Amino acid sequence: LMCPGIICGLNCYSMNIAVIGSMGYMSDLDNAKCVVLWGIDPCESRLLRWVTLNRRKRHNEVTIIAVDSRVTKSGQIADMVLQLRPGTDTALALGWINVIINEGIYDHDFVTKWTHGFDELRERASHYPPEVVARITGLTEEQIVESARLYARTKPACIERGVATDQLGLNGTRAEQTRIALRAITGNIDVPGGNIITGPPQKMNGGRYIHDSELELAD
């Protein structure tokens, strides 16, 4: 029973339920101005989403950041490719948090109204300045800083994640925890173009389907 979860989103699913009460990582590619492809190659694994992303890119409607240890076909259309050392995703995410908080480019209103533990997050991320993250990930300091700025300043933005980080072992859970923090401090949770919190579906023909999110009893 554990194997399907380990290779298909168990870490991400569990962390989002625990932290925001929902799956929370469904990205709105139709309306995003910036899309981060984090450990995913949608042209190989999510063809319908790839069609949407590729079409919007051809019309210059979206900026793409690809985070992957290899340059994928999807990454070939990206504005920035962060070819990090395998297994160092959490360090990169903490580096982004460090830059976004220190430069004050986080969503102050969303943080004040909807988050808890921001000061603790700031302190934890302080141990991951760009020079430290560069040594861990193999990226340059400039890549780390510029990509963090691009994600935080181009709104709305979403992080489209794949199963790659689920297979890092224990650190895979922390990778998703830091991505949730990134979505939160930039105010990109449950907004058009961001990462959507799933809920009951709309009525159709007098009735409606029962959505998985209703069976979770998250409340």
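See the structure shown above.
Residues numbered from 1 in each chain as written. Predicted model: local features only at pLDDT ≥ 70, side-chain atom pairs only at ≥ 80, totals over all residues. Heavy atoms only, no water.

(A) Layout of helix H4 (residues 47-58). The end-to-end C-alpha separation of H4 is 16 Å, in line with the 16 Å expected for 12 residues at 1.5 Å each. Note on H4: the residue one or two positions beyond its end, Asn60, has a positive phi of about 55°. (Helix = DSSP H or I, 4+ residues; strand = E, 2+ residues; numbered from the N terminus. Expected span 1.5 Å × (residues − 1).)

(B) Representation of the packing of helix H5 (residues 89-102) against helix H8 (residues 130-137) within the structure. Where H5 contacts H8, the two axes come as close as 9 Å, and the packing angle between them is 165°. With respect to H8, the element H5 is oriented roughly antiparallel. The crossing of H5 and H8 is left-handed. Touching Ala91, Leu92, Gly95, Asn98 and Val99 of H5 are Pro130, Val133, Ile136 and Thr137, all from H8. Among the residues forming the contact of H5 with H8, the class breakdown is 6 nonpolar, 3 polar and no charged. (Axes fitted to C-alpha atoms, helices over the stretch in contact; angles between N-to-C directions. Parallel < 35°, antiparallel > 145°, perpendicular 65-115°, else oblique. Left-handed = near helix turned anticlockwise from the far one by under 90°. Contact = heavy atoms within 4.5 Å. Nonpolar A, V, L, I, M, F, W, Y, C, P; charged D, E, K, R; others polar.)

(C) Main features of the side chain of Thr165. Position of Thr165 among the secondary structure elements: in the loop between strand S5 (157-161) and helix H10 (170-185). Taking the relative accessible area as the measure of exposure, Thr165 reaches 2% and is therefore buried. Side chain to side chain, Thr165 and Arg179 meet in a polar contact 2.9 Å long. If near-sequence neighbours (up to four positions away) are discounted, Thr165 is found in contact with Trp38, Asp89, Gly172, Ala175 and Arg179. (Buried < 20%, exposed > 50% of the residue type's maximum accessible area, 1.4 Å probe, protein only. Polar contact = N/O pair within 3.5 Å; in protein donor to acceptor, adjacent residues only side chain to side chain.)

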